[in-house]
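# Coordinate analysis (summary)
Chain by chain, the residues:
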Amino acid sequence: MGTRYASAGHTDTGKVRRLNEDAILLRDDVGLWVVADGLGGHAAGDFASGLIVERLSRLPRQEDVVDFIEAIEDTLQQVNQELLRRAHDLRVDLIGSTVVVLVQDRDFMLCGWVGDSRAYGMEDGCLRQLTRDHVHGIKDDATQFAGSAAVAAPGTLTRAVGAQEGLLIDWIVASHAAGTPFLLCSDGVNKEIPDAELDMECRRQREPRVLLARLFELALGRAARDNVSAVIVCRQE
């Protein structure tokens, strides 16, 4: 790919949940990093997030980033349909997952997401959230899916892989200056660590493995009410 990246990732069940329904993917070789968060409160969230990561792990890297993005979108659309069929066959309401992906190109990064898994990046020396949660109203601890934002209770998801026909994936372009980290995370991270504290830690430590260890020390040292997953990516000089 030309540009070199260092990355680190980890996922943990946390202190409350009995099952880890998160999944992560680090593919420095093709410039693709992923965090998927299976929907708790619904059936087989671990299957949904695992299927997303397993399918994206197979993708070859196309030379043209647009072709690569289209392949990622096609893969997520296929997973969406498969999860809908599986939920129908098992007669359950929903089998789904949120997802956030980071894709490297020579001159920029592309971030795509569905749901409330987040991506953060550095801008003018400060960490900012790149994604925008697909959540109705003010986000709280609830991460269950609601099919219509018009009738959804505040804090419920309005978009997830496996939840609806016609999956919509949002994308944003971000700059990638050398030495500045990107953070992908499930909401188990931002439930425990406020954005201002994430900003402080990301400015204090840029080495991915050290920063990752610090974030997990903080999250697991608190309530850790949900599964905790994070991937940190940093462009090398």
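Our subject is the structure listed above.
Below, the structure is looked at part by part. Owing to the predicted nature of the structure, the values given are computational and were not obtained by experimental measurement.

Helix and strand counts for the protein stand at five helices and ten strands. What you see for the protein is a C-alpha radius of gyration of 17 Å, in line with the 18 Å of a compact globule of 237 residues. Judged by the C-alpha coordinates and their principal axes, the protein covers about 50 × 40 × 30 Å. Taking contacts inside the protein between residues at least 6 apart in sequence as the whole, the part at least 24 apart equals 67%. Accessible surface, the protein: about 10,400 Å² in total, of which carbon and sulfur atoms supply 49%.

Moving on: the packing of aromatic side chains. Applying the stated criterion to the full structure yields one aromatic pair. Consider the rings of Tyr-5 and Trp-33, whose centres lie 5.5 Å apart with planes at 55 degrees: the pair is tilted. Placement of the pair is Tyr-5 in strand 1 (residues 5-12) and Trp-33 in strand 3 (residues 32-38), with a sequence separation of 28 residues. Its guanidinium or amino end placed over the ring of Phe-47, Arg-86 lies 4.1 Å from that ring's centre, counting from NZ or CZ.

Strands pair in a sheet through their backbones, by hydrogen bonds, and they do so in one of two ways: parallel or antiparallel. What the five strands build is an open sheet, ordered 1-10-9-6-7; its pairing is antiparallel. Across the chains shown, the open sheet's two edge strands, defined by having one partner strand only, are strand 1 and strand 7 (126-129). The average angle at which neighbouring strand axes cross in this sheet is 20 degrees, direction not considered. Pairing between strand 6 (residues 118-123) and strand 7: four bridges, direction antiparallel. Note on strand 7: the bridge partner recorded for Tyr-120 is Gln-129.

Turning our attention to a negative patch on the surface. Together, Glu-63, Asp-64, Asp-67, Glu-70 and Asp-74 make up a negatively charged patch on the protein surface. The topology assignment puts Glu-63 in the loop between helix 1 (45-57) and helix 2 (65-90).

With that settled, the discussion passes to the packing of helix 4 (residues 195-204) against helix 5 (residues 208-220). When two helices pack together, their arrangement is given by the angle between their axes and by how far apart the axes lie. Close contact between helix 4 and helix 5 brings their axes to 10 Å; oriented N to C, the two are set at 150 degrees. In terms of orientation, helix 4 and helix 5 fall into the roughly antiparallel class. The crossing of helix 4 and helix 5 is right-handed. Only Leu-211, Arg-214, Leu-215 and Leu-218 of helix 5 make contact with helix 4, whose side of the interface consists of Glu-197, Leu-198, Glu-201 and Cys-202. Its residues assigned to classes, the contact of helix 4 with helix 5 comprises five nonpolar, no polar and three charged.

This next bit is on helix 4. Taken residue by residue, helix 4 has Glu-197, Leu-198, Asp-199, Glu-201 and Cys-202 as its buried positions. Where the residues of helix 4 are buried, they touch strand 6, strand 7, strand 9 (181-185), helix 3 (187-190) and helix 5.

Our next topic: the pattern of salt bridges. Counted under the stated rule, the structure contains 18 salt bridges. Close ionic contact of Glu-54 with Arg-55 constitutes a salt bridge, the shortest N to O distance being 3.3 Å. Of the charged contacts in the structure, one is a salt bridge between Arg-106 and Asp-107, with a shortest N-O distance of 3.6 Å. Put simply, Arg-17, Asp-187, Lys-191 and Asp-226 are held in one network by salt bridges that share partners.

The next thing to look at is the side chain of Arg-159. Among the secondary structure elements, Arg-159 is positioned in the loop between strand 7 and strand 8 (170-174). A residue is classified by how much of its surface remains accessible, and Arg-159, at 17% relative accessible area, is buried. A distance of 3.4 Å separates a polar atom in the side chain of Arg-159 from a polar atom in the side chain of His-134. One polar contact links Arg-159 to Asp-170, side chain to side chain, over a distance of 3.2 Å.

Another point: the nonpolar core. Leu-32, Leu-56, Ile-72 and Val-99 are the most contacted members of the largest nonpolar core, which totals 30 residues. Only strand 2 (22-27), strand 3, helix 1, helix 2, strand 4 (97-104) and strand 5 (109-114) provide two or more residues apiece to this core. The greatest single-element share of this core, amounting to nine residues, is contributed by helix 2. Sequence-distant contacts of Val-99, that is, excluding residues within four places in its chain, are made with Val-34, Val-35, Ala-36, Ile-52, Leu-76, Gly-112, Trp-113, Val-114, Ser-117 and Val-161. Judged by nonpolar contacts, the second largest core, of 19 residues, contains Leu-127, Val-189, Ala-219 and Val-228.

Cut-off values and rules
Residues numbered from 1 in each chain as written. Predicted model: local features only at pLDDT ≥ 70, side-chain atom pairs only at ≥ 80, totals over all residues. Heavy atoms only, no water. Helix = DSSP H or I, 4+ residues; strand = E, 2+ residues; numbered from the N terminus. Rg over C-alpha atoms; globule rule 2.2 N^0.38 Å. Contact = heavy atoms within 4.5 Å. Areas by Shrake-Rupley, 256 points an atom, 1.4 Å probe, with all protein chains shown as cover. Phe/Tyr/Trp six-rings, centres within 6.5 Å; stacked < 30°, edge-to-face > 60°. Lys NZ or Arg CZ within 6 Å of the ring centre and 35° of its normal. Pairing = 2+ DSSP bridges. Axes fitted to C-alpha atoms, helices over the stretch in contact; angles between N-to-C directions. Patch = residues over 30% accessible without salt bridge, like charges linked within 9 Å, V, L, I, M, F, W, Y side chains within 5 Å. Salt bridge = Lys/Arg side-chain N within 4 Å of Asp/Glu carboxyl O. Lys, Arg positive; Asp, Glu negative; His and termini not counted. Charge placed at Lys NZ, Arg CZ, Asp CG, Glu CD. Parallel < 35°, antiparallel > 145°, perpendicular 65-115°, else oblique. Left-handed = near helix turned anticlockwise from the far one by under 90°. Nonpolar A, V, L, I, M, F, W, Y, C, P; charged D, E, K, R; others polar. Buried < 20%, exposed > 50% of the residue type's maximum accessible area, 1.4 Å probe, protein only. Polar contact = N/O pair within 3.5 Å; in protein donor to acceptor, adjacent residues only side chain to side chain. Core = buried A, V, L, I, M, F, W, Y, C linked by side-chain atoms within 4.5 Å.

So far we have only geometry, and geometry alone does not tell us how the molecule works.
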